[in-house]
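Examination of the molecular architecture
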Amino acid sequence: MKNLTPYTGLWLLEIIKHIRVLRWLPLALILPLLSLPVLANKPFTVAILMFDEVQIIDFAAPYEVFGQAKFEVFTVSATGKPLTTAMGLSVTPKYSFANMPDADAILVPGGDTSEVMHDEKVIGWLKAQQGKVEHILSVCTGAHILAESGLLDGKSATTFHRALERFEKDYPKISVRPDKRFVDNGQIVTSAGLSSGIDASLHLVSTVLGEDKARTVALHLEYDWDPNGGFVRASMADRMLPQNEYDWPDGILFDRISAFGDEQRWQIKYQVKTSATAQSLMQVYKTAMARHDNWQVKDTGGALQGEWLGVADNEGWLISAAVTTGNAPDTYFFMLDVYQRP
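What counts, and at which threshold
All chains use their own residue numbering, which begins from 1 and follows the written sequence. Local features in a predicted model are, by the rule used here, given only for residues with pLDDT of at least 70; side-chain atom pairs are given and counted only at 80 or more, and totals for whole chains, interfaces and linings are based on all residues. Excluding hydrogens and water, the side-chain figures rest on all heavy atoms present in the structure. Going along the chain from the N terminus, every DSSP run of H or I of four or more residues is numbered as a helix, and every run of E of two or more is numbered as a strand. Burial status follows relative accessibility: with a 1.4 Å probe on protein chains alone, a residue under 20% of its type maximum counts as buried, one over 50% as exposed, and anything between as partly exposed. Contacts are assigned to residue pairs that have any heavy atoms within 4.5 Å of one another. Where accessible areas are quoted, they stem from the Shrake-Rupley method and a 1.4 Å probe; at the residue level, only the protein chains shown are allowed to cover. Axis definition: a line fitted to C-alpha atoms, over the contacting stretch in the case of helices. Angles run 0 to 180 degrees between N-to-C directions. Helix crossings are classified by the rotation of the near helix relative to the far one: an anticlockwise turn of less than a right angle makes the crossing left-handed, while a clockwise turn makes it right-handed. Throughout, the ten residues Ala, Val, Leu, Ile, Met, Phe, Trp, Tyr, Cys and Pro are labelled nonpolar, Asp, Glu, Lys and Arg are labelled charged, and all others, Gly among them, are labelled polar. Here a strand pair is declared whenever DSSP counts at least two bridges between the two strands. Each residue carries a pLDDT value, the predictor's own confidence for that position, ranging from 0 to 100. Side-chain atoms alone can form a polar contact between residues adjacent in sequence; in general such a contact is a pair of N or O atoms within 3.5 Å, and within protein one must be able to donate a hydrogen while the other accepts it. Classification of ring pairs rests on two measures: the distance between centres of Phe, Tyr or Trp rings, Trp counted by its six-membered ring, which must be within 6.5 Å, and the angle between planes, read as stacked under 30 degrees, edge-to-face over 60 and tilted in between. Whether a charge lies above a ring is judged from NZ of Lys or CZ of Arg, which has to be within 6 Å of the ring centre and within 35 degrees of the ring normal.

Right, let's talk about the overall build of the protein for a bit. Along the backbone of the protein there are 9 helices and 17 strands. The buried share of the protein, taken over its 342 residues, is 44%. For the protein, the share of sequence-separated contacts (at least 6 apart) that also reach a separation of at least 24 residues comes to 59%. Carbon and sulfur atoms provide 52% of the accessible area of the protein, an area that totals close to 18800 Å².

Next up, the structure:
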């Protein structure tokens, strides 16, 4: 009866035709049966966790996917009170933990999770929901909230590309997969940063309603969906840039102008404002790079530039850095280039 519509008695007529004994029932008994409402299939329901500083795309993009798939979607927070997302959007969750209805799945978005991941109410709610829902999804640093709850212990997971190293260090019981756009553990699916939540959401639609439905939703959204993975931000060449510790001059300001590339090469350009000299800026970077055993300095003979050859695990890679003077006073441009040598 999956295709029946609400409040129709036609299905009862079909049953009556095939149950001989009912043919002898008085009409007065049959007519009330025909007027009974017949409930349609309950829609698949997704609850989206909300908190202050949540990333907008992390919850809004999956909401769109689920809505287009005709899922029932609602937002929920610990209190149900208005909150402020990243970039200042005001949102009022539909429910609190205390009055939310049952859900088939929950989605845990990311953003600035430094406070929410230590909120005992949220952690307790997640643990309780694991025993109730069929699916749990995380987007971006939402994986850190799941990790704090212990739900990812012994499982594989991914997160935002800039958070992968810290994620692996903080949660040694989790097998971190930087090579995946999303990771499916069965009940729990984690996805990488931002738009990867669309892929995880389409994956859930595919699980619940089939791949054809998920493809239909993706095309309606004009989204080039690859069910087998697709673009993985963590595989880009800037993964080779070391996590340096810098002793920059006090008051220095960096403004990233551009950052782009592919799996073989990545370029980053910053505008820098400081009263320090260009030579001192370059020396700070050189000092930071000297702390790494797997990068060997290559003397270029210039005080405003430097090159480092990768050794050991970094063999075949090269990093170059340069500082140039800008047009305004106390303004410079700092450029990094990391690439795989032919």
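This next bit is on the packing of helix α7 (residues 196–209) against helix α8 (residues 211–220). Between α7 and α8, the least distance of the axes is 7 Å, while the angle of their chain directions is 145 degrees. Handedness of the α7/α8 crossing: right-handed. Taken together, the residues of α8 that come into contact with α7 (itself represented by Leu-202, Val-205, Ser-206 and Leu-209) are Glu-211, Lys-213, Ala-214, Val-217 and Ala-218. Looking at the contact of α7 with α8 residue by residue, the classes come out as 6 nonpolar, 1 polar and 2 charged.

This next bit is on the pairing of strand β13 (residues 265–273). Here strand β12 (residues 253–261) pairs with β13 via 8 bridges, running antiparallel. If you follow Ser-258 over to β13, its bridge partner there is Lys-269. Between the end of β12 and the start of β13, which pair antiparallel, lie 3 residues. The pairing of β13 with strand β17 (residues 331–340) spans 9 bridges and is antiparallel. When the sheet's bridge partners are listed, Val-272 is paired in β17 with Tyr-332.

The strand order across the open sheet formed by 6 strands is β12-β13-β17-β16-β15-β14, and the pairing between neighbours is antiparallel. Edge strands, defined here as strands with exactly one partner in the open sheet, are β12 and β14 (295–298). Each adjacent strand pair in this sheet contributes to an overall mean axis angle of 20 degrees, direction not counted. In the sheet, strand β15 (residues 305–310) pairs with strand β16 (residues 317–325) via 5 bridges, with the strands oriented antiparallel. Counted as the bridge partner of Gln-305 is Ala-322 from β16.

Another point: the confidence of the model for the protein. Residue-level pLDDT values for the protein average 91, and 88% of them are 70 or greater. Note on residues 1–22: pLDDT under 50 across the span, and 22 contacts to partners over four residues away in sequence or across chains.

Attention now moves to the side chain of Ser-191. In this structure, Ser-191 sits in strand β11 (residues 188–191). A polar side-chain atom of Ser-191 sits 2.7 Å from the main-chain carbonyl oxygen of Ser-138. Discounting chain neighbours no more than four positions away, the residues touching Ser-191 are Ser-138, Val-139, Cys-140, Thr-158, Thr-159, Arg-181, Phe-182, Ser-196, Gly-197 and Ala-200.

Let us now look at the packing of aromatic side chains. Summed over all chains, the structure comprises 12 aromatic pairs. On the numbers, 5.8 Å between centres and 85 degrees between planes, the contact of Phe-254 with Tyr-270 is edge-to-face. Of this pair, Phe-254 sits in strand β12 while Tyr-270 sits in strand β13, and the two are 16 residues apart along the sequence. One aromatic cluster in this structure is built from Tyr-246, Trp-248, Phe-254, Tyr-270, Tyr-285, Trp-308 and Phe-334. A cation over an aromatic ring shows up here: Arg-265 above the ring of Tyr-339, its NZ or CZ 4.4 Å from the ring centre. In this structure, Lys-269 is placed above the aromatic ring of Phe-333, and the distance from its NZ or CZ to the ring centre is 4.8 Å.

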